[in-house]
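Summary of structural features
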Amino acid sequence: MTGEADTAGKPVEELSDAEAKAELRRLSDAISEADRQYHVEDAPVLTDAEYDALRRRNQAIEERFPDLKLADSPSERVAPGPSEGFSKVRHARPMLSLANAFNDEDVHEFARRVRRFLSLGEEDELALVAEPKIDGLSAALRYVDGRLEVGATRGDGTEGENITRNLETLDDVPTTLPAGVPGILEVRGEVYMTKDDFVALNDRQAKAGGKIFANPRNAAAGSLRQLDPTITAARPLRFFAYSWGEISENIADTHWEFLKKLEAWGFTTNPLSQRCESVESALAVYADIGERRTTLPYDIDGVVYKVDRLDWQQRLGMVSRAPRWAIAHKFKAEQAETVLKAIEIQVGRTGALTPVARLEPVKVAGVTVSNATLHNEGEIRRKDVRVGDTVVIQRAGDVIPQVVRVILEKRPADSVEYVFPETCPECGSDAEQPEGEAIRRCTGGLICPAQAVERLKHFVSRDAFDIEGLGSKQIDGFYSNGLIKRPGDIFRLKQHRDVLIGEKGTKTISTDNLLAAIEDRRSIGFDRFIYSLGIRQVGQATARLLAINYGTLEALRTAMAAAHDPESEAHADLLNIDQIGSSVAKDLADFFAEDHNAEVLDDLAAELTIAPFAAPAASDSPIAGKTVVFTGTLTRIGRNEAKAKAESLGAKVAGSVSKKTDYVIIGADAGSKAAKAEALGVPTLSEDEWFTLIGE
Ligand code: IVH
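What this report covers is the structure whose coordinates are included nearby. Worth saying up front: this structure is predicted, and the values here are computed from it rather than measured.

Focus: the overall build of the chain
A count of helices and strands for the chain gives 26 helices and 26 strands. For 696 residues, the compact-globule formula gives about 26 Å, and the C-alpha radius of gyration of the chain, at 29 Å, lands near that figure. Oriented by its inertia axes, the alpha-carbon framework of the chain measures out at about 100 × 65 × 65 Å. Of the contacts formed within the chain by residues at least 6 apart in sequence, a portion of 68% connects residues at least 24 apart. Of the roughly 33,900 Å² that the chain leaves accessible, carbon and sulfur atoms contribute 49%. The centroid of the 86 positive side-chain charges in the chain is displaced by 1 Å from the centroid of its 112 negative side-chain charges.

Some remarks on helix H10 (residues 279-292)
Under the 1.5 Å per step criterion, the end-to-end length of H10 is 20 Å for 14 residues, consistent within 8% with the ideal 20 Å. Turning to H10, its buried residues number three or more, namely Val279, Ala282, Leu283, Val285, Tyr286 and Ile289. Buried positions in H10, seen along its axis, are confined to an arc of 155° and lie on one side of it. Residues of H10 that are exposed and point more than 90 degrees away from the buried face comprise Glu280 and Glu291. Residues of H10 that are buried in the fold lie against helix H4 (104-118), strand S3 (128-134), strand S9 (274-276), strand S10 (300-307) and strand S13 (326-330).

What to know about the nonpolar core
Ile467, Ile490, Leu493, Phe529, Leu546, Leu574 and Leu588 are the most contacted members of the largest nonpolar core, which totals 55 residues. Top contributing element to this core by residue count: helix H19 (residues 540-550), with six residues. Excluding its chain neighbours within four sequence positions, the residues that come into contact with Ile467 are Val460, Ile490, Leu514, Ala517, Ile518 and Arg521. In terms of nonpolar packing, the next biggest core, distinct from the first, is built from 35 residues, Ala101, Ile134, Cys276 and Leu316 among them.

Comments concerning the site of the ligand
Taken together, 13 residues surround the ligand, and among them Glu131, Ile134, Glu190, Tyr242 and Lys306 come closest. Within the contact set of the ligand, a nitrogen atom lies 3.0 Å away from a backbone nitrogen or oxygen of Ile134. Between the ligand and Lys306 there is a distance of 3.0 Å, counted from a nitrogen atom to a side-chain nitrogen or oxygen. In isolation the ligand has 520 Å² of accessible area, and contact with the protein removes 88% of it. Residue assignment for the shell around the ligand shows that the elements contributing at least two residues are S3 and S10. Among the elements that make up the shell around the ligand, the one with the highest residue count is S3 (four residues).

So, the side chain of His458
Following the sequence through the fold, His458 ends up in helix H13 (residues 449-459). Filtering out sequence-adjacent residues up to four positions away, His458 remains in contact with Arg349, Ala464, Tyr531, Ser532, Leu533 and Gly534.

Points about the packing of aromatic side chains
Two numbers describe a pair of aromatic rings. These are the distance of the centres and the angle of the planes. The tally for this structure, following the rule as stated, stands at twelve aromatic pairs. Centre to centre, the rings of Tyr192 and Phe240 are 4.7 Å apart; their planes meet at 5°, and the pair counts as stacked. In this pair, Tyr192 is assigned in strand S7 (residues 184-192) and Phe240 in strand S8 (residues 238-247), connecting sequence segments 48 residues apart. In this pair, the class of Tyr192 matches that of Phe240, namely buried.

Some remarks on the sheet that holds strand S23 (residues 627-631)
Strand order in the open sheet formed by four strands is S24-S23-S25-S26, and the pairing between neighbours is parallel. Among the strands making up the open sheet, the edge pair consists of strand S24 (652-654) and strand S26 (684-686). Each strand axis lies, on average, 30° off the axis of its neighbour in the sheet, ignoring direction. Bridge count for S23 against S24 is three bridges, and the pairing is parallel. Looking at the pairing, Thr627 lines up with Lys652 of S24. Of the strands in this sheet, S23 and S24 are in contact with helix H24 (residues 639-648), which crosses S23 at around 170°.

The rules behind these values
- Residues numbered from 1 in each chain as written.
- Predicted model: local features only at pLDDT ≥ 70, side-chain atom pairs only at ≥ 80, totals over all residues.
- Heavy atoms only, no water.
- Helix = DSSP H or I, 4+ residues; strand = E, 2+ residues; numbered from the N terminus.
- Rg over C-alpha atoms; globule rule 2.2 N^0.38 Å.
- Contact = heavy atoms within 4.5 Å.
- Areas by Shrake-Rupley, 256 points an atom, 1.4 Å probe, with all protein chains shown as cover.
- Lys, Arg positive; Asp, Glu negative; His and termini not counted.
- Charge placed at Lys NZ, Arg CZ, Asp CG, Glu CD.
- Expected span 1.5 Å × (residues − 1).
- Buried < 20%, exposed > 50% of the residue type's maximum accessible area, 1.4 Å probe, protein only.
- Arc of directions from axis to C-beta.
- Core = buried A, V, L, I, M, F, W, Y, C linked by side-chain atoms within 4.5 Å.
- Near = heavy atom within 4 Å.
- Polar contact = N/O pair within 3.5 Å; in protein donor to acceptor, adjacent residues only side chain to side chain.
- Phe/Tyr/Trp six-rings, centres within 6.5 Å; stacked < 30°, edge-to-face > 60°.
- Pairing = 2+ DSSP bridges.
- Axes fitted to C-alpha atoms, helices over the stretch in contact; angles between N-to-C directions.

In short, shape yes, function no, at least from these values alone.
Pasting the structure below:
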């Protein structure tokens, strides 16, 4: 038989029947494998050109030998849909992230916040559990009647991937639990790889010509998301259990007790975790763990403190994706020395000019760093950073590496001071720095391509439209070839299917997957929609407040147009929303007053179904949709807890009393707000009456 290489290279017109047959089989297999690597493994091995060449050759042979065409010919094959990947799992309770503390004072502030929220007295003990923050990936294990039913990744916190078969392969993950566990029990924790196992795995990978991982965390991630569970089984993954999701009965009064239960049921919990009776002792645990950090067998990036009492955790609840009852105290960033080769200016979505240091690549905390942020013009001046300088950089966890300082002794003799540009490097417009602000901004608005692209990237980002297969890289491509210039274009991309799949149809599968993912997002919640617009200073929490208070896009637009007049009632209403100050109000009014933004919104509104914000528990809450104002000192709970409670029952909390206020809740020593309520005829409630109204 002819060697494969010979046949593979032979011109189509010279192939014999037998060779053509063998060649069609080979091409079919190669194309299937490439499809699998691209769509399923997310790790294409062939370049687009190589892939196209395989398909072209397959087609040419089929044209010359029509009788030999395979039944499962790649030219006829139906695209493998995303179903070939992992199925999705909706978390019964969201998987949260953690707020960060960077120093002792942040931790004290956390404890003060908790105490204030719970209205604790100075003599009340606030016990915390301190646990190492494992640098891995979180996973959720759902047991029904003691059997592992579903194991999932965190995903976006609301929806993860079903990786049950993979998680089952871990020694630390029991598949059955002893009798007596709650009927429904979802255990959460961290999947990780030890440092030694990571090194050994990379050695094996190197010998086998496989993928080399940058650090243990990446190795754990890559090993866990394997479609073939036998691959995961061969990788040395471990699991520390540290929290729960859904649970059908109360099994503990404290987090500490809960950890002990987990151990009794066969889970591994972290041996360094400790119950602490005060913030001071928690900080001592932090110092101790920090000292042992480098000698621990696995990577950790801080210590997590959790309020021990579970009834308190329940009361504290959460704010924008993170619990109020826990905080991650990060370790100091690791530092390294390197040479700054150039300073480049990046233009962000709101026009901010951010200087970026291009560095001689250097390894810090396990990864190679070649860029670092220099923050802004003032920062460069203060640190007197110059091209050619030797600088100290640092990197902590997932934050962007930073330039800390210049090593002046190593400065080259011919070095010159860096001059910050006064025009936008992307569009040439003036870049202005308003009085008192640190940041210089391009005034080009959306005529500036950099701003337009960055806004689009924000629009499709994870917490916004979150369109699978449409990330930064794709947006760059679609923007430069003119297919996507503004957000609405995304939803018209299907009109260009022919262009996208290419002349030979080689991109059919990926195009159709992308178009389906886009269609999937044609309806969206109002709060996500607002966030996706990328309005300056409007993050997820503010977007949510606006969605609660205005309900629909039309109502929001009308109100913001009116609010442009600072004397208007609409402006007063906006400022009256608790937590919205005059600077945010100005950015909002400016955004909606701009003609170009109005066009973008009209265009988008025509493509989308925006679901009005659904007030939580609206149907059975007596205060859903009502506007309430708290004034005076409350005695049963703290002011913040009262506000959070009202919001969780669907009410809007305002900062001052107006005709639109439904109730004013009057605590001790209330002042002018009580008087104003009286004058306007707004119903007032005492603290007790309030609790009766909400059924507590
Ligand atoms: S508790 C509601 N405990 O850190 C609290 N998280 O930055 C949710 N992590 O997504 C997590 N060690 O992946 C908790 N002892 C620990 C942890 C831990 C590591 C991770 C986890 C979480 C992330 C948040």
